[in-house]
Amino acid sequence: MSSFAPLHVQVENSFQHHFSRKPLVVSSPGRVNLIGEHTDYNDGFVLPAAIDKAAYIAISPSGSTHGKWISLDFSEFVTIDFQNITINSVGWANYILGVVDQAQKLGKPIPAFDCVVVGDVPIGSGMSSSAALESAVIFALNELYDLGLSRWKMALLAQRAENEFIGVKCGIMDMFASLHGKVNHVIRLDCRDLSFEYFPIELGDYKIVLFDTGVKHSLADSAYNTRRSECETGLRFFQKHYNPNFKALRDVPIAMVQANRSRLPKEVYDRCLYVTEEIQRTLAACEDLKNGDLAAFGLKMYATHEGLRHLYQVSCPELDFLADATRDESSVLGARMMGGGFGGCTINIVHQDAIEGLNERLAKAYQEAMGHKLGMYMVVTGDGAKVQA
Ligand code: GLA
């Protein structure tokens, strides 16, 4: 088997080699998010796109009560007892186990399976490698065992797997994008009712570029859950004092938040202000896209970064450095941290002729200031989860 073969071929060949039968092969992509950060679990709007990097799974029923799972990325395998689906000491296996656990809870039989997984979504870069794997697994199980789930239901199931099994209280954005992505399009998703609209990406001479800090701080997951509960605290305040029917911060007007500055703990106030502003900013940014006003869109990206940095406090010095460093670059329309925060990538809109020079300047400055090597990815959009022919 050549390691230069495409990944869907690698998982298939590896599966045949280990199990001597032909598997089903499925892929599901990572994602970027143009704007609308930390709004999904507040019933707000997000603007993600699936990318051309994905998780791949080759899978087939094992015919027994146990399954053997192999990760090509980690060069590891685990044996799983399907009668006792529980947390495993092997980290990557839990993303598959969480999905099996949720699929079993649907009340349909999930016979034991063998699988091989691999992926090229960079881990820890904020492109949702874990959601890609979870989405690939549920898409594969749906095919294999005729679960009859829509992509919409699969996204919700994968989210529950992450929330309940992994313990990260993430929103729906990552799985939704992984399952619904469309090449050359972003998805404007209303996280309240999961209605969505595809927008063509028409950036003219501009490209989406990710700069990777190369760091992921260990507090990322716990801080994420803390932010969620701070939003819930804020929501309870507005329900109690204004309207018991408010279902999420989406329902709270910005002016109502501002009017309560002195009555709320500073942190809760800041979180609520950021979220309510970001939801409106995302809607306005979609109008900018429709109008072809990329300059206005880019300014909103910077505003989002400032909100995430000062009010929501999920940035870090490395991300701030990279966002700030683009401010004097006339070729950059907008830049901001992307995803959960505390590391990973910034997302930037950059004139195509300037990308190489910008990368060189940033890499040098970043190495000097932060002592890390800078990574760069050009974003190519892709389709959502699919069976590989
Ligand atoms: C992570 C979560 C998403 C979303 C983003 C922040 O990627 O998995 O649900 O909340 O952070 O926008």
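Everything here concerns the structure above.
First, a word on scope: everything that follows refers to the structure included in this document. (Residues numbered from 1 in each chain as written. Predicted model: local features only at pLDDT ≥ 70, side-chain atom pairs only at ≥ 80, totals over all residues. Heavy atoms only, no water.)

### Things to note about the sheet that holds strand E7 (residues 185-190)
Reading across the sheet, the three strands line up as E2-E7-E8 and stay open at both edges, with antiparallel pairing between neighbours. With one partner strand each, in any of the chains shown, strand E2 (45-46) and strand E8 (196-200) form the two edges of the open sheet. Pairing geometry for E7 and E8, over five bridges, is antiparallel. Residue Arg-188 lies in a different strand from E8, and its bridge partner there is Glu-197. Running over the sheet, helix H5 (residues 173-180) touches E2, E7 and E8 and is turned about 135° from E7. (Pairing = 2+ DSSP bridges. Helix = DSSP H or I, 4+ residues; strand = E, 2+ residues; numbered from the N terminus. Contact = heavy atoms within 4.5 Å. Axes fitted to C-alpha atoms, helices over the stretch in contact; angles between N-to-C directions.)

### A look at the packing of helix H9 (residues 294-311) against helix H10 (residues 317-325)
One can describe the packing of H9 onto H10 by two numbers: an axis separation of 11 Å at closest approach and a directional angle of 155°. As far as their axial angle goes, H10 and H9 are roughly antiparallel. Handedness of the crossing formed by H9 with H10: left-handed. Across from Tyr-302, His-305, Glu-306 and Arg-309 in H9, the residues of H10 making contact are Leu-319, Asp-320, Ala-323 and Asp-324. Classifying every residue of the contact of H9 with H10 gives three nonpolar, one polar and four charged. (Parallel < 35°, antiparallel > 145°, perpendicular 65-115°, else oblique. Left-handed = near helix turned anticlockwise from the far one by under 90°. Nonpolar A, V, L, I, M, F, W, Y, C, P; charged D, E, K, R; others polar.)

### Some words on the packing of aromatic side chains
With the rule as written, the count across this model stands at eleven aromatic pairs. Ring centres of Phe-196 and Tyr-198 lie 5.3 Å apart, and the angle between their planes is 85°; this geometry places the pair in the edge-to-face category. Classification of Tyr-198 as partly exposed rests on a relative accessible area of 29%. Ring geometry for Phe-321 versus Tyr-366: centroids 6.1 Å apart, planes at 45°, classification tilted. You can see Phe-321 sitting in helix H10 and its partner Tyr-366 sitting in helix H11 (residues 355-370), a full 45 residues away along the chain. Classification of Phe-321 as partly exposed rests on a relative accessible area of 22%. By relative accessible area, Tyr-366 is classed as buried at 0%. An aromatic cluster of at least three residues, connected via ring pairs, comprises Trp-69, Phe-82 and Phe-113. A cation over an aromatic ring shows up here: Lys-68 above the ring of Phe-77, its NZ or CZ 4.5 Å from the ring centre. (Phe/Tyr/Trp six-rings, centres within 6.5 Å; stacked < 30°, edge-to-face > 60°. Buried < 20%, exposed > 50% of the residue type's maximum accessible area, 1.4 Å probe, protein only. Lys NZ or Arg CZ within 6 Å of the ring centre and 35° of its normal.)

### Considerations on the site of the ligand
All residues in the neighbourhood of the ligand are listed as Arg-31, Glu-37, His-38, Asp-40, Tyr-41, Cys-170, Gly-171, Met-173, Asp-174, Tyr-224, Gly-339 and Gly-340. Taking Tyr-224, its side chain carries an N or O atom lying 2.5 Å from an oxygen atom of the ligand. When the ligand is considered free in solution it has 310 Å² of accessible area, and contact with the protein chains removes 92% of it. In the shell around the ligand, the residues fall into four nonpolar, four polar and four charged. (Near = heavy atom within 4 Å. Polar contact = N/O pair within 3.5 Å; in protein donor to acceptor, adjacent residues only side chain to side chain. Areas by Shrake-Rupley, 256 points an atom, 1.4 Å probe, with all protein chains shown as cover.)

### Description of the pairing of strand E6 (residues 113-119)
With six of its seven residues buried, E6 lies for the most part within the structure. The pairing of strand E3 (residues 48-61) with E6 spans seven bridges and is classified as antiparallel. Looking at the pairing, Ile-59 lines up with Cys-115 of E6. Of the pairings in the sheet, the one linking strand E4 (residues 66-71) to E6 comprises three bridges and is parallel in character. Bridging from a neighbouring strand, Trp-69 pairs with Cys-115 of E6.

Scope: geometric values only; no functional claims are made or implied.
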